[in-house]
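Tertiary structure, described
Listed below, chain by chain, are the residues.
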There are 2 protein chains.
Amino acid sequence: MKPKLEDVAKLAGVSKTTASHVLNNRGYLSEKTLEKVHDAMETLNYQPNAAARQLFKQKTGLIGLIFPTVSNPFFGELVNYLEYELYQRDFKVIIGNSLQDTHKETDYLNQLLAGQVDGLILGTHNQGIAEYKYSHLPVVAIDRVMNSDIPIVESDNYKGGILATQRLINAGVTRIIHTNGPSSLETPAQRRRTAYEKVMTDYGLEPHTFTIDFRLSFAEKKQRYNELFEIYPDMEAIFVSNDVDAGIVMSIAKERGQNIPADLLVVGYDGTELMRNMVPELTTIVQPIEEMAKVAVDVLLKRISGTKTELEYILPVDLWEGETSNR
Amino acid sequence: MKPKLEDVAKLAGVSKTTASHVLNNRGYLSEKTLEKVHDAMETLNYQPNAAARQLFKQKTGLIGLIFPTVSNPFFGELVNYLEYELYQRDFKVIIGNSLQDTHKETDYLNQLLAGQVDGLILGTHNQGIAEYKYSHLPVVAIDRVMNSDIPIVESDNYKGGILATQRLINAGVTRIIHTNGPSSLETPAQRRRTAYEKVMTDYGLEPHTFTIDFRLSFAEKKQRYNELFEIYPDMEAIFVSNDVDAGIVMSIAKERGQNIPADLLVVGYDGTELMRNMVPELTTIVQPIEEMAKVAVDVLLKRISGTKTELEYILPVDLWEGETSNR
DNA sequence: TTGTAAGCGTTATCAC
DNA sequence: GTGATAACGCTTACAA
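Sequence positions are assigned chain by chain, starting from 1 and proceeding in written order. A letter from A marks each chain and a number from 1 marks each ligand, given out in the order of writing. Restriction of local features to residues with pLDDT of at least 70 applies here, the model being predicted, together with a cutoff of 80 or more for giving and counting side-chain atom pairs; totals for whole chains, interfaces and linings are based on all residues. Calculated side-chain values reflect all of the structure's heavy atoms, with hydrogen atoms and water omitted.

The next subject is the packing of helix H2 (residues 16-24) of chain A against helix H3 (residues 31-44) of chain A. Residue and element names in this part refer to chain A. Between N-to-C directions, angles cover 0 to 180 degrees, with each direction set by a line fitted to C-alpha atoms, over the stretch in contact for helices. Strands here are runs of E lasting at least two residues and helices are runs of H or I lasting at least four, both read from the DSSP assignment and numbered beginning at the N terminus. H3 packs onto H2 with a crossing angle of 85° between their chain directions and a minimal axis gap of 10 Å. Relative to H3, the element H2 is oriented roughly perpendicular. Packed against H2, whose contacting residues are Thr18, Ala19, Val22 and Leu23, the element H3 presents Thr33, Leu34, Val37, His38 and Met41 at the interface. For the contact of H2 with H3, a count of residues per class yields 6 nonpolar, 3 polar and no charged. Convention used here: angles under 35 degrees read as roughly parallel, angles over 145 as roughly antiparallel, angles from 65 to 115 as roughly perpendicular, and any remaining angle as oblique. Two residues form a contact once any of their heavy atoms are found within 4.5 Å. Classes in brief: Ala, Val, Leu, Ile, Met, Phe, Trp, Tyr, Cys and Pro nonpolar; Asp, Glu, Lys and Arg charged; the others, Gly included, polar.

This next bit is on a positive patch on the surface. Each patch groups residues whose relative accessible area exceeds 30% and which form no salt bridge, using 9 Å between like charges and 5 Å between nonpolar side chains of Val, Leu, Ile, Met, Phe, Trp and Tyr. All accessible-area figures derive from a Shrake-Rupley calculation using a 1.4 Å probe, and residue coverage is judged against the displayed protein chains alone. The rule for a salt bridge is simple: a side-chain nitrogen of Lys or Arg has to be within 4 Å of a carboxyl oxygen of Asp or Glu. A positive count includes Lys and Arg, and a negative count includes Asp and Glu. His and the chain ends are not counted in either. In this description, the location of a charge corresponds to atom NZ of lysine, CZ of arginine, CG of aspartate or CD of glutamate. A cluster of like positive charges, contributed by Arg26, Arg53, Lys57 and Lys59 of chain A, occupies part of the molecular surface. With respect to the helices and strands, Arg26 of chain A occurs in the loop between H2 and H3.

Attention now moves to the relation of the copies chain B and chain A. Copy-to-copy alignment: least squares on C-alpha atoms, limited to residues at pLDDT 70 or above in both. Rotating chain B by 180° and translating it 0.1 Å along the rotation axis places it on chain A, where the RMSD comes to 0.1 Å. The relationship between the two copies is best expressed as a two-fold rotation axis. A symmetric contact is evident, with 100% of the interface residues of chain B recurring at the interface of chain A.

Sheet strands pair via backbone hydrogen bonds, and the direction of the pair is either parallel or antiparallel. All names here are of chain A. The mixed open sheet is built from 6 strands, whose spatial order is S7-S6-S8-S9-S10-S12. The two strands at the open ends of the sheet, each matched to only one other strand, are strand S7 (208-211) and strand S12 (318-320). Shown here is a sheet whose adjacent strand axes are inclined to one another by a mean of 20°, direction ignored. We call two strands paired when DSSP finds no fewer than two bridges between them. As paired strands, strand S10 (residues 283-286) and S12 are joined by 3 bridges and run antiparallel to one another. Across the sheet, the residue bridging to Val286 is Asp318, located in S12. Sitting on the sheet, helix H8 (residues 190-202) touches strand S6 (176-180), S7, strand S8 (237-239) and strand S9 (265-270), and the angle it makes with S6 is about 165°. Contacts from helix H9 (residues 218-231) reach S6, S7 and S8, with the element oriented near 155° to S7.

We now examine the interface of chain B and chain A. Residue-level contacts link 57 residues of chain B with 57 residues of chain A. Taken together, the two surfaces of chain B and chain A that pack against each other cover about 4800 Å², and 56% of this comes from carbon and sulfur. Our count for the chain B to chain A interface comes out at 6 salt bridges. In protein, a polar contact means a hydrogen-donor-capable atom and an acceptor-capable atom, both N or O and within 3.5 Å, with residues adjacent in sequence counting only if both atoms are side-chain atoms; elsewhere, any N or O pair within 3.5 Å suffices. Inspection of the chain B/chain A interface yields 18 residue pairs in polar contact (both at pLDDT 80 or more). Sorting the residues of the side of chain B that touches chain A by element identifies helix H4 (50-57), helix H5 (73-88), strand S2 (92-97), helix H6 (102-113), helix H9 (218-231), helix H10 (243-255) and helix H11 (273-278) of chain B as the ones contributing at least two each. In terms of strand pairing, strand S2 (residues 92-97) of chain A meets S2 of chain B through 3 bridges, oriented antiparallel. Within S2 of chain B, the residue paired with Ile95 of chain A across the bridge is Val93 of chain B. The buried area of a pairing is the accessible area, by a 1.4 Å probe, that goes missing from both parts when the two are put together, added over both.

Right under this line is the structure:
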């Protein structure tokens, strides 16, 4: 069915080896042979078999990306940049959305072991999976704490937390709530919380962190954020741990008849290009998504080639000043 | 380095074949052998080599997804569902973001030919690429017109155009502008335009379609939409061809001191879960993204297995009634 | 119930 | 310059 190198060789009247040499520009070849073989490839519409090549070379040219879900703009943009960077360096990407599926993450890691991919970039929440003990493998984590031997690329979450909280305090409010994921997940994002609590207490204000799991459905999140409004009826500002949730909070506030920023200030986190363009009024902390992707790819390729790397890369964040934080 | 089946066999004191049989539950095996082999696999932490398997089986268990960019929520959600559906059926996905890169699309198609993937799901804008002549290959298009032999899955764009336009007319406005991609791209989305123009003329109103390329950057889009406001200073409503752009239009309107919906009505298109939750006030046409993904996967798998399929699958749309279309 | 041997398509070594 | 041949790791007739 599909033509193989042998068919090309036969048609061109040469041996398999010669055809292979032409295919890979190996050794010296006569003009004539070259042309004959190229012609044969053309007419047969020959494409080298990927599996056979991989089997021989012992590498696949594939990188696995495991993230909660590309339907979240932050991960969508991140994956987009990762794919771009990797494509530039001749890698394709396999993606796995691991949200609410611990098994999937394990499965993908097994694939790596099976040699189906040459490396992995992880941004998942599921922690402490046994296979992570294989820390000698080419794996890089983005914004997630992994095994201590796995390099991690993140933005400056602590600084981000400081910037956000400070911004709200500067606006003149004192009853500021922060929302974040469960502290049981030891993600770098928890440092936003630490920073928030530090700034609050430094100013003699009482920190209130409201826990909400990232992995909830939209409907569940809405319900949970409505509880937030019930629990803190007199809150003046919220520092939400991501922009999508900040959007939900704003829409709930409107539903409840509160005006932003008149009645409630809001600061988000992530600062995707999408949000900055669609909801520019939302004050948020901008993570350097493109830069994070670049660094992650650099580090991964170093790991693959056996070069030593740092274990932690912290990239700077920025404050996007919208109107949702102005009194 | 990495253990192979032979190492397992050796450690278990059996032959390669037996080990393979255990691995694949083939034939009858004694309890003892089974246990021995399993133990050996365990201690060696054995994982079968993917390339070798693929080479033998002549299939990869990989499907290629080519879309403009997963950083757009519509494609992000679509890819998310596609990955989910395919994972259920033991396929992993390779993704390619082809935005502004015709060559990439060609490259991925070549991969298919190279047997690196078992099938392709396309949602790209780049048309008329030579390789599409290989229409006997397992390829499915989502919302894109391809070669006439490639099945296409889409939502009812014409109906969507009708619903959106009718909604605005019902709100009592007459100067309604529509924005859409260049008509040179023969996408199904152009049917939204056809529908819009039909409804407008049916009501004796003058249709005005404003062309804007999807592939522009955010900055370029902003500039272009600002032109729209200059060209039609007295417009009362806009029917935008996707929600992200609708968001941009709304933010521009605010910048220009116009209130929505008091001064300007807006209807979007796509109705992603993200938008319905973050910007519920935006009236929009909801595409059945999850259903489209399911159908696309079904059709692709049929094509792969050689089963005959329809050439066109049109799924129903819904109107999401927000406040941006209420006068 | 288990083992031998051939083959999947490519590449590289080493003679010619 | 070109051509056999073995190897990559796995699977499966076919034998034993």
